[in-house]
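# Notes for the structure review
Read off the chains here:
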Amino acid sequence: MPLEDHIGDIIRKARLHAAVSIESTAHAAGITPAQLEDLEQNGTLPNPIDFTRIANVLGLDPAKLERIARGWEPARVDTSRWRELRLIATNSAGFGVNCYLVWDSDTRMAALFDTGFDAVPVLRLLHENELHLRFVFVTHGHHDHVAAWPQIQDAHPQAQRFPNTVSSDSAGAQVSFQLGNLRISARNTPGHAHDGITYIVTGWPDNAPAVAFVGDCLFAGSMGKAPGHAALAREKIITHILSLPPSTLICPGHGPLTTVSEELANNPFF
Ligand SMILES: [Zn+2]
């Protein structure tokens, strides 16, 4: 799965977060506004480009930014360590989103993190693995993350949705759930969305590392856009996600799987 954001997307997002114009960013970075526009839209690097200058204008890490421009991707994660975890990628009109199913192997109770666009692959996985859907956890209320909820609710009316309404900013604070041997704790991570929640799952068989379902807070090499709330978004990501053990698997709402150690080493926003 390709990165959610190419080098130009990252630069545009950082510029919107910093609330600076194309013109003043280009001027400070020593490139023309046309070059910056081409970079933001297509990922086309001006030649030459001074990564230190452009990163400094936008509050990004220059070395990490350059690494992404040179084609960095997170190392492929061997998900067989978490036998009861599945990534389900669905799309609508070419726009993709990830949702995730986990279950407890003893009780066969399952939890779904976001729904994606299409219930069919989720319902098939539940059926094939003879699972009882106990919870549907929502990372935030943006349409792509909850689109299939009505069909899932129809097929599994006993499933408890959390949060069960459009949440207030404190709805996810310090709440935890048990799913057989798995423990699921919710942490408020607003910024990209006012109702953003990250879920951390521990207690996997064979001591597999913790897994964090982060929605659109954080992507491999980037973060969800949060104009007007960028400082809040960064603070929540640092406090609640990047502080987890380095081996923690990060499951984003878009793009590939990554880990805390990969993001600390390579994400130019941090
Ligand atoms: Zn979103």
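Residues numbered from 1 in each chain as written. Predicted model: local features only at pLDDT ≥ 70, side-chain atom pairs only at ≥ 80, totals over all residues. Heavy atoms only, no water.

## So, the packing of helix H2 (residues 22-29) against helix H3 (residues 33-42)
- Running from N to C, H2 and H3 cross one another at 105 degrees; their axes reach a closest spacing of 8 Å. Classified by the interaxial angle, the pair formed by H2 and H3 is roughly perpendicular. Residues Ile22, Glu23, Thr25 and Ala26 of H2 touch H3, and the partners they reach there are Pro33, Leu36, Glu37 and Glu40.
- In the contact of H2 with H3, the residues fall into four nonpolar, one polar and three charged. (Axes fitted to C-alpha atoms, helices over the stretch in contact; angles between N-to-C directions. Helix = DSSP H or I, 4+ residues; strand = E, 2+ residues; numbered from the N terminus. Parallel < 35°, antiparallel > 145°, perpendicular 65-115°, else oblique. Contact = heavy atoms within 4.5 Å. Nonpolar A, V, L, I, M, F, W, Y, C, P; charged D, E, K, R; others polar.)

## Focus on the nonpolar core
- Grouped together as the largest cluster of nonpolar side chains are 39 residues, with contacts concentrated most on Ile11, Leu36, Ile54, Leu60, Leu65, Leu218 and Ile237.
- Elements supplying a minimum of two residues to this core: helix H1 (7-18), H2, H3, helix H4 (51-58), helix H5 (62-69), strand S9 (211-215) and helix H9 (230-240).
- Summarising the domain contributions, this core has at least three residues from each of domain 1 (7-69) and domain 2 (79-266).
- Other than its neighbours up to four places away in sequence, isoleucine 237 contacts Cys217, Leu218, Met223, Leu242 and Phe270.
- Phe113, Phe137, Phe162 and Leu249 belong to the second largest nonpolar core, which has 24 residues in total. (Core = buried A, V, L, I, M, F, W, Y, C linked by side-chain atoms within 4.5 Å. Buried < 20%, exposed > 50% of the residue type's maximum accessible area, 1.4 Å probe, protein only. Domains from an automatic or database assignment.)

## Regarding the sheet that holds strand S7 (residues 182-188)
- In space, the six strands of this open sheet follow the order S6-S7-S8-S9-S12-S13, with mixed pairing throughout. Two strands bound the open sheet, and with one partner strand each, they are strand S6 (175-179) and strand S13 (258-259). (Pairing = 2+ DSSP bridges.)

## Thoughts on the sheet that holds strand S5 (residues 160-162)
- An order of S1-S2-S3-S4-S5 is seen for the five strands of this open sheet, with the pairing classed as mixed. Whereas interior strands pair on both sides, the edge strands pair on one side only; in this sheet they are strand S1 (85-92) and S5. Shown here is a sheet whose adjacent strand axes are inclined to one another by a mean of 25 degrees, direction ignored.
- Judged from the four bridges that link them, strand S2 (residues 95-103) and strand S3 (residues 109-113) form a sheet pairing that is antiparallel. Residue pairing for S3: tyrosine 100 is matched across the bridge by phenylalanine 113.
- Helix H6 (residues 120-128) rests against S1, S2, S3 and strand S4 (132-137) of the sheet, and its axis sits at about 155 degrees to S1.

## A word on the domain arrangement of the protein
- Looking at the protein, the domain boundaries give domain 1 (7-69) and domain 2 (79-266).
- Each side of the interface is counted separately: domain 1 has six residues, and domain 2 has twelve residues.
- Note on domain 1 versus domain 2: buried area summed over both sides is about 780 Å², and carbon and sulfur give 55% of it.
- Three residues, Lys13, His17 and Lys64, lead the burial of domain 1 against domain 2; their summed loss comes to 62% of the area buried on that side.
- Taken together, domain 1 and domain 2 are joined by zero salt bridges.
- Applying the counting rule to domain 1 against domain 2 returns five residue pairs in polar contact (both at pLDDT 80 or more).
- Counting residues per element, the ones that place at least two in the side of domain 1 that touches domain 2 are H1 and H5.
- Grouping the amino acids of the side of domain 1 that touches domain 2 by side-chain chemistry returns two nonpolar, one polar and three charged. (Buried area = accessible area lost by both parts, 1.4 Å probe. Salt bridge = Lys/Arg side-chain N within 4 Å of Asp/Glu carboxyl O. Polar contact = N/O pair within 3.5 Å; in protein donor to acceptor, adjacent residues only side chain to side chain.)

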